[in-house]
Amino acid sequence: MKLFHNVMLHISIASAIIMAAWAVFFYWAIVDEVNDEVDDSLDDYTENLIIRVLNGEEMPSLNNGSNNQYYMYDISEEYANTYPWITYRDEMVYIDEKLEYEPARILVTIFKTDDGYKELVVYTPTIDKLDLQKAILGWIIALYIGIFLTLLLLNVWIFRRNMKPLYVLLSWFNKYKIGNDCAPLRNKSDITEFKKLYRAVTMSVERNEKLYEQQKVFIGNASHEMQTPLAICLNRLEMLMEDDNLTEKQMEEIAKTHQTLENITRMNKSLLLLCKIENGQYADVKEICVNSLLEQYIETFSEVYGYKNINVSYSSESTFMVEMNESLSVMMVTNLLKNAFVHNADGGDIVVKVSGRGFSVASSGDVPLDSSQIFTRFYQGSKKEGSTGLGLALVNTICKAAGLKISYDFNGKMHIFSISK
Amino acid sequence: MKILVVEDDKDLMEIITKSLEKERYVVSQAPDYRTALMKAGDYDYDCILLDIMLPDGNGLDLLAELQDMGKKANVIILSAKDSIEDKVKGLDLGADDYLPKPFHLAELHARIKSLLRRNQREGEKKIVFGNIEILPEKFEVSVDGKLIDLNRKEYDILMYFMLRPNRLVNKSTLAESVWGDHMDQVDNFDFIYAQIKNLRKRLKNAGSTPELKAVYGIGYKFVLE
């Protein structure tokens, strides 16, 4: 939900509640006021009538031109004692002149004369409360809509004017990517909060950039510093292995150690390579024909992995040409193909397809890989000896550097890696 | 043959020296830029192994100095910094080869050997071991003076062993140098066995004296019986 919508929603809910409450209050205030007035007039009239009755004067005719009307009954003593002597109430009353029921305010008074108890009912037609409610409701709704529209316009205006720096910041963040050059964030706002926010963002971004840079340099340096000690270990073992006095068993152990060291070396080299690509050290590009690369390495790998009896099918619609560094293009192709061969079951399938816009390498597999993790360093679906876990990270980095898109898909028991322009 | 090793790491210096002396080279050591400049200036070496990052200077500067002095030496750069710029710069400054660390000792020897051979006169650029001769320019292999036919892979394998006689060659290293750089996850070396088997057969039929000996679990050694 957008901030603006959220604010509008809250304002409209709050104003609806406030206005509804206010409408109820308003209604009761009006009704109360009207009743008060009407009751006063009924009081006067009743008093007048009672005085006439008590004085034995003639009662006014029922149609005396005023709105006030009355009835008078004789009542028993028990009746007088059971009911309150003065009662106000609202009731629908049949009005003879109008031949219909109308709401009326009624004052019932019980009083005692020399002849016994009497009940005097005085009433006067009053405002139609239902009509009043409807009218108030109608006007409240109209007012609500009016206020809502006003608030909407007001908010649009306020947001436009005041929240602009926020949206500038958001769009800047959208474009921002750590480690990439990015236009500096400029603040044109004089508002303190935004100034602070911009300052905080700038500082945090700078800090992150610095950390990122440090980390990159650290990985590079660490890998680099390991080269010489690794060389020493490897070379010492090599010299040791040339000793003819070693037993076969000793030789084998040394060879295994040697192999493990080789794996570390390879991992180290891959890490260095990643750093170098990210630092843009493979800037020289030329037009590469991916088809011929694929054909060449499919042949090599088919020979090397011949024992796995993998079924390779290769089809090309047209040639896929791409502008990139030559050795990186080889790395990209060989890593993808190697994965397809190494992580394939014996007797599995590999399907390589090339079109003018890209190529895909598909290989048999049982379970899909975690597509969110697959291109991160050291992610391995299943641990494989000698595997560095850097192959796909390397391919991903190469693709990024060459402006290619790489995607992973699992479809019909095949892992499919597609690369396109 | 005199070789100057310029390397600041003591361990590596020791290993390289030991290994070179085993091959009967005369080895001179220079642990820093100053010593290297002095020695290279005073003496003539057949080959200089040069580390780029030295405590008191850059190996590339040494190359420039040598050029200024008009010294002609075969230089192989040994660098932990496997960077293209350094490589290009080094080769531009007159280095003959570039070997990134870490390297196999067998590889170092092969590079030195091929470098020294390059300086031999035309016609002598053949590689000989036992009664086998290879003329790399013509891709010709002969045993006892008789030409034999090898396919491309067999030739590459033989060439690899001819440059590294009497040295233990790891089969994964062999695979990498003959089949390409991406053999790191191969867990079955049948494809090598097949080629080696054919090569052995051909060599044996031609009556070669050197023999490809298998070293169980590791690789092969090309030895003269």
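Preceding this section is the structure that the text describes.
One numbering rule holds for all chains: residues counted from 1, following each sequence as written. Following the order in which they are written, the chains are lettered starting with A and the ligands numbered starting with 1. In keeping with the model being predicted, local features are shown solely for residues with a pLDDT of at least 70 and side-chain atom pairs are shown and tallied solely at 80 or more, while totals for entire chains, interfaces and linings include all residues.

### Section: the overall build of chain A
Argument step 1. The helix count covers DSSP runs of H or I at least four residues long, the strand count covers runs of E at least two residues long, and both are numbered beginning at the N terminus. Counting secondary structure elements, chain A contains nine helices and eleven strands.
Argument step 2. Backbone-placed C-beta atoms define the burial measure: a residue is buried with 20 or more other C-beta atoms within 10 Å of its own, exposed with 12 or fewer, and partly exposed in between. For chain A, with 421 residues in total, the buried portion stands at 21%.
Argument step 3. Considering only intrachain contacts with a sequence separation of at least 6, the fraction spanning at least 24 residues in chain A is 68%. Throughout, a pair of residues is in contact if the C-beta atoms placed from their backbones lie within 7 Å.

### Side note on the overall build of chain B
Argument step 1. In terms of helices and strands, chain B carries eight helices and 14 strands.
Argument step 2. Burial statistics for chain B: of 225 residues in total, 39% are counted as buried.
Argument step 3. Across chain B, contacts joining residues at least 24 apart in sequence account for 57% of those joining residues at least 6 apart.

### A short note on the packing of helix α5 (residues 192-241) of chain A against helix α6 (residues 248-278) of chain A
How two helices sit against one another is set out by the angle between their axes and by the gap between those axes.
Residue and element names in this part refer to chain A.
Argument step 1. In the contact formed by α5 and α6, the axes pass within 9 Å of each other and the chain directions differ by 155 degrees. If you check the angle between α5 and α6, you find them roughly antiparallel. Crossing handedness for the pair α5 and α6: left-handed.
Argument step 2. For this scheme, ten residues count as nonpolar: Ala, Val, Leu, Ile, Met, Phe, Trp, Tyr, Cys and Pro. Four count as charged, namely Asp, Glu, Lys and Arg, and the remainder, Gly too, count as polar. Taken together, the residues that form the contact of α5 with α6 break down as 16 nonpolar, eight polar and two charged. Between the N-to-C directions of two axes lies an angle of 0 to 180 degrees, each axis being a line fitted to C-alpha atoms and, for a helix, fitted only over the stretch in contact. If an angle is under 35 degrees, it is roughly parallel; if it is over 145, roughly antiparallel; if it lies from 65 to 115, roughly perpendicular; otherwise it is oblique. Left-handed describes a crossing whose near helix is turned anticlockwise from the far helix by less than a right angle; the clockwise case is right-handed.

### Re the environment of Ser360 of chain A
Residues and elements named next belong to chain A.
Argument step 1. With respect to the helices and strands, the residue Ser360 is situated in strand β9 (residues 358-364).
Argument step 2. Sequence separation of Ser360 and Ser407 is 47 residues, and the distance between their C-alpha atoms is 9.4 Å.
Argument step 3. If sequence neighbours within four positions are ignored, Ser360 has contacts with Lys353, Ile416, Phe417 and Ser418.

### Here's the deal with the nonpolar core
Argument step 1. If you look at the biggest cluster of nonpolar residues, it comprises 104 residues, and the most contacted ones within it are Val290, Leu294 and Leu337 of chain A together with Ile48, Leu49 and Leu50 of chain B.
Argument step 2. Per-element accounting of this core gives the leading share, eight residues, to helix α8 (residues 326-342) of chain A.
Argument step 3. Here, a nonpolar core means buried Ala, Val, Leu, Ile, Met, Phe, Trp, Tyr and Cys residues linked by C-beta atoms lying within 7 Å of one another. If you look at the next biggest cluster of nonpolar residues, it comprises eight residues, including Val38, Leu49, Leu107 and Tyr123 of chain A.

### Description of the interface of chain A and chain B
Argument step 1. On the side of chain B, 35 residues touch chain A, which itself brings 36 residues to the contact.
Argument step 2. Within the residue set of the side of chain A that touches chain B, elements represented by two or more residues are α5, α6, α7 (290-304) and α8 of chain A.
Argument step 3. Class assignment for the residues of the side of chain A that touches chain B results in twelve nonpolar, 13 polar and eleven charged.

### Re the sheet that holds strand β1 (residues 69-75) of chain A
All names here are of chain A.
Argument step 1. The four strands are arranged β1-β4-β3-β2 in an open sheet whose pairing can be described as antiparallel. Every other strand in the sheet has two partners, leaving β1 and β2 (86-95) as the edge strands with one partner each. Strand-to-strand, the axes of this sheet are offset by a mean angle of 30 degrees, without reference to chain direction.
Argument step 2. Strand pairing requires that DSSP identify at least two bridges connecting the strands. As paired elements, β2 and strand β3 (residues 100-113) share ten bridges and run antiparallel to each other. Looking at β3, one finds that Asp90 is bridged to Arg105.
Argument step 3. Packed onto the sheet, helix α1 (residues 3-55) meets β1, β2, β3 and β4 (116-125) and runs at close to 45 degrees relative to β3.

### Topic: the sheet that holds strand β11 (residues 414-420) of chain A
Residues and elements named next belong to chain A.
Argument step 1. Strand order in the open sheet made by the five strands is β6-β8-β9-β11-β10, with mixed pairing throughout. Two strands lie at the open edges of the sheet, namely β6 (311-316) and β10 (405-411), each paired on one side alone. In this sheet, adjacent strand axes meet at a mean angle of 15 degrees when their direction is disregarded.
Argument step 2. Two elements, strand β8 (residues 349-355) and β9, share six bridges in a ladder whose sense is antiparallel.

### A closer look at helix α7 (residues 171-179) of chain B
Argument step 1. Within α7 of chain B, seven of the nine residues are buried, which leaves the element mostly enclosed by the surrounding structure.
Argument step 2. Buried residues of α7 of chain B: Lys171, Ser172, Thr173, Leu174, Ala175, Ser177 and Trp179 of chain B, and no others.
Argument step 3. Buried-residue contacts for α7 of chain B involve α6 and α7 of chain A together with α6 (152-162), β12 (168-170), α8 (190-206) and β14 (219-224) of chain B.
Argument step 4. Gly180 of chain B sits one or two positions beyond α7 of chain B and adopts a positive phi of about 125 degrees.

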